[in-house]
Amino acid sequence: MTSSPPTGVFVPVPTFFKPASESKSLQAELDVETQVKHSVHLAKNGVRGLVLLGSTGEAIHLSRQERFDLVSGVRKGLTDAGFPDYPIMAGVLINHLDEVLEWIEEYKKAGAQWGLVLAPGYFGAEASQDNLKEWYTLVADRSPLPILIYNYPGVTNGVTVLPDTYRALAQHPNIVGCKMSHGNVSIHVQVSTDPEIDHKKFRVYSGFGAQLGPIVVFDAAGVIDALAGIYPRTVSKLFKLAEKRPIDDDTLKQLKELQYTVSAAEDYIGATGVIGIKEAVTRVLGLGTYEGGRLPIKGKTPEGTWEKWDKKILGRVQKLEDSITEAEFR
């Protein structure tokens, strides 16, 4: 039987690179050791799974061998740390059908359990909903791993997968969920409440923690959220409150207060992107380096950016993160 991912908070982890000054090639080299340390930290602090080599993970900047080395290295590191079956999705960001299947095959060999497959959007609006259905069906028919539909209009020329398309594809036995990285809450809610979809099998995730409370209350499976890669306990506690049934008045009050804080902090992610995420991980968790990165995404945010956000909201989130007990996020 095809397995589906668990509900909860996943993190689209950034890919860590060594300082360019230490690398022998034209590009900064992978830092699998740091990747493992970050992954284990997340596993210990409430995060229920990882997305390796998604958009945040810069899969398009890595070679085939590097993608394999990263996934297999993280799988081994998690196993050695006592997390042998920890959930890993791996991003597939290519449009050629044969190459999509090659990526997934490599990910299976490396130890991932699911492929997170980006909607083909190079030609934008020319990608009709019928053609998207056919494309994903061809992938799913042949994929050695269960797959999830990944819809990120910001990197696919505005291509948006619509509710009817999700409904049709959700019937495929090898398609077990989706990640929606856009702000259309209506599509989230329609798909997560659609009575024709088996939601125990087809999991609906948002790409934004800013939407966590609203969509999980309406039966979404969770989020794949970058902020949780910096403050895992905070976002995991928010999910725990949102999934509680029934939701009593005290839980709803806490949920609203925590959602406000998380949503405000998510603005930092939106404003600074991959560079800001990596800088935050370095500043908050002491992992990575300001030098590490591959063109055109390398370096750090402009002078004063972190200080502004730290004063505005991130300092408050850090205090909250430090105060949350294990009982509150497990």
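Below, the structure is looked at part by part. The structure presented is a predicted model; accordingly, all values stated were derived computationally and were not measured. The numbers attached to residues start from 1 for each chain and follow its sequence in the written order. Two thresholds apply to this predicted model, a pLDDT of at least 70 for residue-level local features and 80 or more for giving and counting side-chain atom pairs, whereas whole-chain, interface and lining totals are computed over all residues. Just so you know, side-chain values use all the structure's heavy atoms and leave hydrogens and water out.

1. Considerations on empty space enclosed by the protein
Picture a little ball the size of a water molecule; that probe, rolled over the atoms, points out where space is still empty. For clarity, the cut-off: A 1.4 Å probe that fits into a set of points on a 1 Å grid over the protein atoms alone but cannot get out defines a cavity; an open set with protein on both sides within 12 Å along at least five of seven lines defines a pocket, and lining residues are those with an atom within 4 Å of a point. Grid points are joined across faces, edges and corners, and a volume is the space filled by probe spheres set on the points. Charged residues are taken to be Asp, Glu, Lys and Arg, nonpolar residues to be Ala, Val, Leu, Ile, Met, Phe, Trp, Tyr, Cys and Pro, and polar residues to be all remaining types, Gly included.
Throughout the structure, instances matching the rule amount to three cavities of 30 Å³ or more. Taken as a whole, the largest cavity spans an internal volume of roughly 110 Å³. Along the walls of the largest cavity sit 14 residues, with Lys 278, Thr 282, Thr 289, Tyr 290 and Gly 292 positioned nearest its centre. Of the residues assigned to the lining of the largest cavity, the class counts are five nonpolar, six polar and three charged.

2. Regarding the side chain of Gln 35
Stated formally: Only DSSP runs of H or I covering at least 4 residues are called helices, and only runs of E covering at least 2 are called strands; the numbering of each starts at the N terminus. N or O atoms within 3.5 Å of each other form a polar contact, as long as, within protein, one can give a hydrogen and the other can take it, and as long as residues adjacent in sequence are counted only when both atoms are side-chain atoms. Contacts are residue-level and defined by heavy atoms, with any inter-residue pair within 4.5 Å sufficient.
Within the secondary structure layout, Gln 35 lies in helix α1 (residues 32-44). A distance of 2.9 Å separates the side chain of Gln 35 from the backbone nitrogen of Phe 16, its partner in a polar contact. For Gln 35, the residues in contact, after removing those within four places along its chain, are Val 13, Pro 14, Thr 15, Phe 16, Leu 70 and Val 74.

3. Concerning helix α4 (residues 129-142)
Cut-off, in case you're wondering: Expected span, for any helix, means 1.5 Å times one less than how many residues it has. The buried label applies to any residue whose accessible area, calculated with a 1.4 Å probe on protein chains only, is under 20% of its type's maximum; exposed applies above 50%, and partly exposed to all values in between. Think of the arc as the fan of directions from the helix axis to the C-beta atoms.
The first and last C-alpha atoms of α4 sit 20 Å apart over 14 residues, in line with the 20 Å expected at 1.5 Å per residue. Restricting attention to buried positions, one finds in α4 the residues Leu 132, Trp 135, Tyr 136, Val 139 and Ala 140. Around the axis of α4, the buried residues are gathered within 130° of arc, so they sit on the same side. Within α4, the exposed residues directed more than 90 degrees away from the buried face are Asp 130, Glu 134 and Arg 142. Against the buried residues of α4 lie α3 (97-110), β4 (114-118), β5 (147-151), α5 (163-169) and β6 (175-180).

4. Side note on the packing of aromatic side chains
Counted only if it meets this: Planes of paired rings set the category: under 30 degrees apart is stacked, over 60 is edge-to-face and the rest tilted, where pairs are Phe, Tyr or Trp rings (Trp by its six-membered ring) whose centres lie within 6.5 Å.
The final tally for this structure, using the stated rule, is eight aromatic pairs. Judged by centre distance (6.4 Å) and plane angle (80°), the ring pair of Trp 103 and Tyr 107 falls under edge-to-face. With a gap of four residues between them, Trp 103 and Tyr 107 both fall in helix α3, about one helical turn apart. Here Trp 103 and Tyr 107 have matching classes, each one buried. Taking the centre distance of 5.1 Å and the plane angle of 90° together, the rings of Trp 135 and Tyr 136 count as edge-to-face. Of the residues examined, Trp 135 reaches a relative accessible area of 10% and is grouped as buried. Members of the aromatic cluster, joined through ring pairs, are Tyr 268, Trp 306 and Trp 309.

5. Considering the pairing of strand β2 (residues 49-52)
The test is simple: Two strands form a pair only when DSSP identifies at least two bridges running between them. A right-handed crossover is one whose linking path, passing over the helix from the first strand to the second, runs clockwise when the strands point away from the viewer.
Both faces of β2 are covered, namely the face carrying Gly 49 and Val 51 and the face carrying Leu 50 and Leu 52. Where strand β1 (residues 8-12) lies against β2, three bridges are found, and the strand directions are parallel. Residue pairing for β2: Val 11 is matched across the bridge by Leu 50. Taking the sense of rotation as the criterion, the β-α-β connection linking β1, α1 and β2 turns out right-handed. Judged from the three bridges that link them, β2 and strand β3 (residues 88-92) form a sheet pairing that is parallel. Each residue of the ladder has a partner; that of Val 51, found in β3, is Met 89. A crossover connection joins β2 to the parallel β3 through helix α2 (residues 64-80); in handedness this β-α-β unit is right-handed.

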